[in-house]
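Here is what each chain is made of, one letter per residue.
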Amino acid sequence: MPNDTINNAIKKASSSNENYEEIIYEGYGPNGVAVIVEAATDNKNRTAADVRHAFDKAGGNLGTSGCVSYMFNKKGILIIEKATTTMEEDELMMLAIEAGAEDFVAHEEIYEITTEPSDFTAVREKLEEANIEFIEAEVQMIPTTTVALDEKGVEKMERLIEKLEDLDDVANIYHNWEEN
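Residues numbered from 1 in each chain as written. Predicted model: local features only at pLDDT ≥ 70, side-chain atom pairs only at ≥ 80, totals over all residues. Heavy atoms only, no water.

**Overview of the sheet that holds strand β3 (residues 61-62)**
If you trace the four strands from one edge of the open sheet to the other, you get β3-β1-β2-β8, paired in antiparallel fashion. At either margin of the open sheet sits one strand with a lone partner, and together these are β3 and β8 (170-175). Two elements, strand β1 (residues 21-28) and strand β2 (residues 34-41), share eight bridges in a ladder whose sense is antiparallel. Bridge pairing in β2 links I23 to A39. The strands that helix α2 (residues 44-57) touches are β1, β2 and β3; relative to β1, the one it contacts most, it runs at about 25°. Where helix α5 (residues 151-165) meets the sheet, it contacts β2 and β8, and its direction lies at approximately 160° from that of β8. (Pairing = 2+ DSSP bridges. Helix = DSSP H or I, 4+ residues; strand = E, 2+ residues; numbered from the N terminus. Contact = heavy atoms within 4.5 Å. Axes fitted to C-alpha atoms, helices over the stretch in contact; angles between N-to-C directions.)

If you want it as structure tokens, here you go:
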């Protein structure tokens, strides 16, 4: 997410006493890619119109609540760069599993730890106690299936994500586009 968008949202939130609501929008991008947009807004009508406009301009359409969320699982994701830890892989895996991690995968340059959302904080804190630093540590919506796109579909999907990221109220965007 661009720093300008974050800074604008912070300024907007700190300069007013408005009540912000968290809203989740669901829809379809190009070629049926499922998209979930999490937003925090003080004006639901404005945000809904902005999100709908972004979908329309990029060749997608905004759907109803629940139309794509069934294709995602909420999971805690912790990413650790192998080069930043002195702990052996087996030792790190055991520490994570004992703390409540659901899965531990060693990739070429990173370790990826998956948790249930309810176990995320406990696992993160246990790893922090062992002086483990994270590249990424958050609860995300992980797609259960993915959609491959052709070149035109990729362009449209990139345009949709860019338009959504440009909106001040949008906090997170999740999709099931199979990026290579």
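There's plenty left to go through after this.
**Concerning α2**
Helix length check: α2 (14 residues) gives 20 Å between terminal C-alpha atoms against 20 Å at 1.5 Å per residue, within 8%. On its buried face, α2 is in contact with β1, β2, β3 and α5. Between a side-chain oxygen at the N-terminus of α2 and the backbone nitrogen of N45 the separation is 3.2 Å; the capping residue is N43. G59 lies just past α2 and shows a positive phi near 85°. (Expected span 1.5 Å × (residues − 1). Polar contact = N/O pair within 3.5 Å; in protein donor to acceptor, adjacent residues only side chain to side chain.)

**What to know about the pairing of β2**
Burial analysis of β2 places seven of its eight residues in the buried class, which makes it a mostly covered element. Counting the residues that bridge the hairpin from β1 to β2 gives five residues, and of these N31 lies at a positive phi of roughly 55°. In this structure, β2 lies alongside β8, joined through five bridges in antiparallel fashion. Residue pairing for β8: A39 is matched across the bridge by V170. (Buried < 20%, exposed > 50% of the residue type's maximum accessible area, 1.4 Å probe, protein only.)

**Observations regarding the pattern of salt bridges**
Inspection of every chain in the model, using the stated rule, returns six salt bridges. Across the salt bridge formed by E102 and K75, the nearest N and O atoms sit 2.9 Å from each other. With E102 in the loop between α3 (89-99) and β5 (103-106) and K75 in strand β4 (residues 72-81), the pair connects residues that are 27 residues apart, well separated along the chain. Exposure remark for K75: the relative accessible area of 14% places this residue in the buried category. (Salt bridge = Lys/Arg side-chain N within 4 Å of Asp/Glu carboxyl O.)

**Examining the nonpolar core**
Of all hydrophobic cores here, the largest spans 20 residues; its most connected members are V35, F55, M157 and L164. Ranked by residues supplied to this core, first place goes to α5 with four residues. Leave out the neighbours within four places in its chain, and F55 touches G27, Y28, G29, V35, V37, G60, N61, L62, L160 and L164. The next biggest cluster of nonpolar side chains, apart from the first, holds 15 residues, and it includes I80, L92, I113 and I132. (Core = buried A, V, L, I, M, F, W, Y, C linked by side-chain atoms within 4.5 Å.)

No statement about biological role is implied by the geometric values presented.
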